[in-house]
Amino acid sequence: MFDPGIFSIGDTLCKPGKKFEYEGIPTFAPEHFSRVVQLNTMKRKQFVQGVTQIAQEGAIQIFQEYTAGMSEIIVGVVGVLQFEVLKYRLENEYGCEIKLEPLPYNFIRWIKDPTTDVNALKRVNEVKKVKDMKGNPLLLFTNQWTINTVLEHNEGLELLEFRKN
């Protein structure tokens with residue numbers, strides 16, 4: 001079946017008038033993060049298409065700076081070999097040369113309430129604020145201590161290790 005980019009893993013197709021609702025498939029938390037730098041800006045369309053396609057396949061997760069949009073893309077993976085796969089596929093399938101800049105974060109947490117004002121959070125100096133491709137706010141942390149500190153200083157803030165799509 002041809003996917004014009006509207007289907008995701010776990011989507012169900014059925015006859016009109018019928019509806020299904022599942023609990024959701026968990027999105028596992030990546031443990032390695034890199035900023036992806038496109039070396040040839042003339043191939044921006046191919047670059048965005050390639051990164052989006054590879055993310056839809058589930059090989060990587062892509063995030064945006066909280067206020068920067070697609071101008072800066074951060075990739076999260078479970079294993080570092082996935083960075084090599086990303087680089088190889090972008091260069092060979094989409095003709096886009098990239099450079100990966102490793103980031104010092106090892107933990108990611110989804111903010112349970114997507115209406116939370118991320119800019120009003122306290123003690124987030126060592127935290128990177130990002131959003132996933134669905135616009136959900138997330139925080140990247142270097143260690144568990146920083147997670148605990150942010151939770152202690154932001155009453156009512158709930159962070160999730162996994163997100164269900």
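Below you will find a few notes about this structure. (Residues numbered from 1 in each chain as written. Predicted model: local features only at pLDDT ≥ 70, side-chain atom pairs only at ≥ 80, totals over all residues. Heavy atoms only, no water.)

Comments concerning the nonpolar core
Stage number 1. Formed by 15 residues in total, the largest nonpolar core has its most connected members in Phe-47, Val-51, Ile-60, Val-75, Leu-86 and Leu-90.
Stage number 2. Contributing elements (two or more residues each) for this core: helix H1 (44–56), strand S4 (69–77) and helix H2 (81–93).
Stage number 3. With sequence-adjacent residues up to four places away left out, Leu-90 is seen in contact with Phe-47, Gly-50, Val-51, Ile-54, Gly-95, Cys-96 and Ile-98. (Core = buried A, V, L, I, M, F, W, Y, C linked by side-chain atoms within 4.5 Å. Buried < 20%, exposed > 50% of the residue type's maximum accessible area, 1.4 Å probe, protein only. Helix = DSSP H or I, 4+ residues; strand = E, 2+ residues; numbered from the N terminus. Contact = heavy atoms within 4.5 Å.)

Points about helix H3 (residues 144–153)
Stage number 1. Among the residues of H3, those classed as buried are Thr-146, Ile-147, Thr-149 and Val-150. Seen end-on, H3 carries its buried residues on one side only, within an arc spanning 165°. In H3, the exposed positions that point more than 90 degrees away from the buried face belong to Trp-145 and Glu-152.
Stage number 2. Where H3 is buried, its residues touch strand S6 (107–111), strand S8 (137–141) and strand S9 (159–160).
Stage number 3. Where H3 begins, the side chain of Asn-143 points an oxygen toward the backbone nitrogen of Trp-145, at a separation of 3.3 Å. (Arc of directions from axis to C-beta. Polar contact = N/O pair within 3.5 Å; in protein donor to acceptor, adjacent residues only side chain to side chain.)

Some words on the packing of aromatic side chains
Stage number 1. Applying the stated criterion across every chain yields a total of one aromatic pair.
Stage number 2. Taking the centre distance of 6.4 Å and the plane angle of 55° together, the rings of Phe-33 and Phe-63 count as tilted. You can see Phe-33 sitting in strand S2 (residues 32–38) and its partner Phe-63 sitting in strand S3 (residues 61–65), a full 30 residues away along the chain.
Stage number 3. Accessibility expressed as a relative area gives 1% for Phe-63, which makes it buried. (Phe/Tyr/Trp six-rings, centres within 6.5 Å; stacked < 30°, edge-to-face > 60°.)

Comments concerning the packing of H1 against H2
Stage number 1. Relative orientation of the contacting elements H1 and H2 amounts to 135°, with a least axis distance of 10 Å. Of the possible angle classes, the one that applies to H1 and H2 is oblique. Between H1 and H2 lies a crossing whose hand is right-handed. When H1 is examined against H2, the residues Phe-47, Gly-50, Val-51 and Ile-54 are found in contact with a partner set consisting of Leu-86, Arg-89 and Leu-90.
Stage number 2. Its residues assigned to classes, the contact of H1 with H2 comprises five nonpolar, one polar and one charged. (Axes fitted to C-alpha atoms, helices over the stretch in contact; angles between N-to-C directions. Parallel < 35°, antiparallel > 145°, perpendicular 65-115°, else oblique. Left-handed = near helix turned anticlockwise from the far one by under 90°. Nonpolar A, V, L, I, M, F, W, Y, C, P; charged D, E, K, R; others polar.)

Brief notes about H2
Stage number 1. Under the 1.5 Å per step criterion, the end-to-end length of H2 is 18 Å for 13 residues, consistent within 8% with the ideal 18 Å.
Stage number 2. Gly-95 lies just past H2 and shows a positive phi near 65°. (Expected span 1.5 Å × (residues − 1).)

Thoughts on the pairing of S6
Within a regular strand, the side chains alternate between the two sheet faces.
Stage number 1. Among the five residues in S6, four count as buried, and that is most of the element.
Stage number 2. By the bridge criterion, four bridges tie S6 to S8 in an arrangement that is antiparallel. For Trp-110, the partnering residue across the bridge sits in S8 and is Leu-138. (Pairing = 2+ DSSP bridges.)

Spatial relationships are all this shows, so hold off on functional conclusions.
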